[in-house]
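Coordinate inspection notes
Letter by letter, the chains look like this.
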Amino acid sequence: MVLGIDIGSSSSKAVIINAQLEILGKAVFNTGAGTQGPEKAVLAALREAGISREEIKFSVVTGYGRMTYDKADKQITEITCHARGAAHMVPSARTVIDIGGQDAKVIRLDKDGKVENFVMNEKCAAGTGRFLEVMARILDCSIGNLSSLSENASEEIIISNTCTVFAESEVISQLSSGAKRENVAQGAHKSVAKRVAGLGNRLGLTPDVVMTGGVALNKGVVAALEKEIGQKITVVENPQIVGAIGAALYALEMAS
Amino acid sequence: MDKNISSKQVLNDMISRHYAEALEAKKSGELVAWATSIVPQELLETMDIKVVYPENHAAVLGARKDAPVFLQNAENNGYSNDLCSYARVNIGYANLKESAAGNIPMPDFIFCCNNICNTVIKWYENLARELRIPMILIDTPFNHTFDVPEHSVKYIREQFNHAIGQLEQITGKKFDHDRLKEVMKISTETARLWKKATALAAAQPSPFNGFDLFNYMAVIVCMRGKQEGLDLFKFWAEELQEKIDCGEGPWKDQPEKYRVMWDGIACWPHLADTSKILRKNGINLITSTYPDSWTIVYDSDDLDAMARAYSSNYANRNLAYGTGNIVQIVKDFSLDGIIYHSNRSCKLMDFRQYEVQRQVHEQTGVASVIFDGDQTDPGAFSLAQYETRIQALMEMMEQRRNERLSRR
Ligand code: SF4
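The following refers to the structure shown. Note on numbering: residues in each chain are counted from 1, in written sequence order. Working convention: letters from A go to chains and numbers from 1 go to ligands, in the order in which they are written. Confidence filtering applies because this is a predicted model: local features only for residues at pLDDT of at least 70, side-chain atom pairs given and counted only at 80 or more, and all residues used for totals across whole chains, interfaces and linings. Each side-chain value is derived from all of the structure's non-hydrogen atoms; neither hydrogens nor water enter the calculation.

Both site types are read off a 1 Å grid over the protein atoms alone. A 1.4 Å probe that fits but cannot get out defines a cavity, while an open set with protein on both sides within 12 Å along at least five of seven lines defines a pocket; lining residues have an atom within 4 Å of a point. Grid points are joined across faces, edges and corners, and a volume is the space filled by probe spheres set on the points. By volume, the largest pocket is sized at about 1000 Å³. Considering the residues around the largest pocket, the lining is formed by 48 residues, among which Glu55(B), Asn56(B), Ala59(B), Tyr86(B) and Trp268(B) are closest to the centre. Counting only elements with at least two residues in the lining of the largest pocket, the list comes to helix H1 (7–27), helix H3 (54–63), helix H6 (119–131), helix H9 (212–222), helix H12 (290–293) and helix H15 (347–351) of chain B. Its residues assigned to classes, the lining of the largest pocket comprises 29 nonpolar, 14 polar and 5 charged. For the domain bounds, the source is a domain assignment made automatically or taken from a database. Both domains that furnish three or more residues to the lining of the largest pocket are identified here as domain 1 (7–176) and domain 2 (180–407) of chain B. The volume enclosed by the second largest pocket comes to roughly 750 Å³. Ser10(A), Ser11(A), Gly213(A), Gly214(A) and Val215(A) are, among the 33 residues lining the second largest pocket, the residues nearest its centre. Numbering of helices and strands runs from the N terminus; a helix is a DSSP stretch of H or I covering at least four residues, while a strand is a stretch of E covering at least two. Looking at the lining of the second largest pocket, the elements with two or more residues in it are strand S1 (2–7), helix H2 (78–89), strand S6 (95–99) and helix H3 (129–138) of chain A. The greatest single-element share of the lining of the second largest pocket, amounting to 3 residues, is contributed by H3(A). Lys, Arg, Asp and Glu make up the charged group, whereas Ala, Val, Leu, Ile, Met, Phe, Trp, Tyr, Cys and Pro make up the nonpolar group; the residues left over, Gly among them, are polar. Of the residues in the lining of the second largest pocket, the class split is 8 nonpolar, 17 polar and 8 charged.

Given below as structure tokens:
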């Protein structure tokens, strides 16, 4: 049995698989690098698998927090791990879109599911999960409810600032001049979608397009992104753990 | 040259001497010019005028982590944060005139050539105006055609003639055309040796040690027309050849695993970190577009040849040339990857970078990555982001290599 850990900036994920590629344990905690999150995720995954740490033959850590986590046998970037995980779950995938807490990336895969090229957002939180978190806070709803809130939007609202801090004040003034929360929520999704589509178009979006990462759970973002890129997007089951699955697959390869 | 010391020591001595002599000259009343990095310095050398290069000086201040006060000073005086950081550092320096990281004498006139970018025109115009000194401008129109068109050659040559008149006026001396021919000969030879030395990186493993190129570049920028510049590159080439003959790679304690080129200027304030991360991943930076930028070689000894050479800088040439140049580098140096520095300062270089990356990838399939940074503004760079991108590049190169090996 092997372990894959993905430590993001705002969440920690762990996955345990066996040689038959079955997932025996998985866990997601909503705290990331620099917290107890990674440890908790590993312990919860071990518990679900019903095994002890000693039974883990090899472990790979990925994600923003990979450098500072010293309990894994090897560290691999989130680009390579997300690609591997996505290609494993959707063999026809040629493009992977992953929106994480502080970065957004679009990865092009070759026909064997290996990374051919990738682009990431410039050092700025526009088009990332953090942008959505800030928007959710202003709208006084949980990040999980942002999507359902946007379902009731009746009018299109444009958030023109890409800078998260400026967008925050832009939205506050929109709300105070009477804009509906639902419309603002949809506007936020659209803003993220536009930025990510920009990255994707630069790289070229070869179908099938698969989306991974926690933001893929937000149906509003996925719908807005599909509209922007004019293509269908496949969202895998448990999109948050795709990076950890990729890490676990590498761990399996390295254990043998 | 004394063979007990390394070419790197000679290099460091030369650079310190270059700045010390310029300061000395100023004190004793000699004329000093400030010039852009790829100017026809032959005209100044012929007139025996001391030249310092603000871009090189800004890079030095950047590398020695003394840029922020000058950046701030320029911004305090109303220059936008979006302006090239070399310009901001230099404009700040022209105002403060003192840096613990090294000083340059203030100029008596400005010598500017826009074959590198058009930012330099306004930057230098402002200096000339603020310091109330003359400015000589050589305007090299962008080459939309692959080669330099004849009408541009004519236009630039006439400007050289005009500049010579301006120089005679400023110095009160007659311009010696025979001496110019001699200087052109030396700089052609220096450029050839620079090219020869940097081309030795094609050996496998490369004898270069990562960022060497950026260090030696200072001499091709500042001392192209001088015999000592020529001697240094000869010495460096010999040293590298010796290393190649012994099969020595870039590092004593680890092998060169991957060979990459760097597109754009270094991140001077983060030089150590950026190079450490490459090394940690077994990546050796063996070349860039720089070796060719300063390979200013004359096909004859007249002003037309000089016009053609200075207009041929790759930044002044069209997309087809820019892409073809990198494709050729990938082949000549057997590269595994390319690192593109998306430099916040340099609009000119960034402007076509995505397209160059796309075309080069299409033509060579070589792995590449773009990272965000800045040449002298330390704030426009994130180490964690750089590291993730470099590591991802290494993983792509590793995977391609494994595939190639398994196909055999
Ligand atoms: S860095 Fe770019 S913008 Fe600045 S002087 Fe050099 S070429 Fe011009």
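From this point, things continue past the structure.
Our focus in this paragraph is empty space enclosed by the protein. Tallied over the entire structure, the rule returns 2 cavities of 30 Å³ or more. Each pocket or cavity is described by its volume, and for the largest cavity that value is around 120 Å³. Counting residues per element, the ones that place at least two in the lining of the largest cavity are strand S8 (115–120) of chain A together with helix H16 (353–364) and strand S8 (367–373) of chain B. Top element by residues in the lining of the largest cavity is S8(B). It accounts for 4 residues. When the residues that make up the lining of the largest cavity are grouped by side-chain class, the tally is 7 nonpolar, 3 polar and 4 charged.

Our next topic: the sheet that holds strand S3 (residues 23–29) of chain A. One open sheet holds the 5 strands; their spatial order is S3-S2-S1-S4-S5 (chain A), and the pairing between them is mixed. Two strands in the sheet have a free side with no partner beyond their single neighbour: S3 and strand S5 (74–75) of chain A. Strands pair, by our definition, only if DSSP identifies at least two bridges between them.

All names here are of chain A. Helix span is expected to be 1.5 Å times the residue number reduced by one. Relative to the 18 Å expected for 13 residues at 1.5 Å per residue, helix H5 (residues 164–176) spans 18 Å between its end C-alpha atoms, a close match to the ideal helical length. Taken as a whole, H5 has its buried residues at Thr 164, Ala 167, Glu 170, Val 171 and Gln 174. Looking down the long axis of H5, one finds its buried residues gathered within 115 degrees of arc, a one-sided arrangement. Exposed side of H5, more than 90 degrees from the buried face: Val 165, Phe 166 and Ser 176 are the residues found there. Any two residues whose heavy atoms approach within 4.5 Å are treated as being in contact. Residues of H5 that are buried in the fold lie against H3 and helix H6 (181–203). Just downstream of H5, Gly 178 is the residue with a positive phi angle, here 100 degrees. Only protein chains enter the accessibility calculation, which uses a 1.4 Å probe. A residue is then buried if its area is under 20% of the maximum for its type, exposed if over 50%, and partly exposed in between. The arc in question is the one traced by the directions running from the helix axis out to the C-beta atoms.

These figures capture arrangement, not role.
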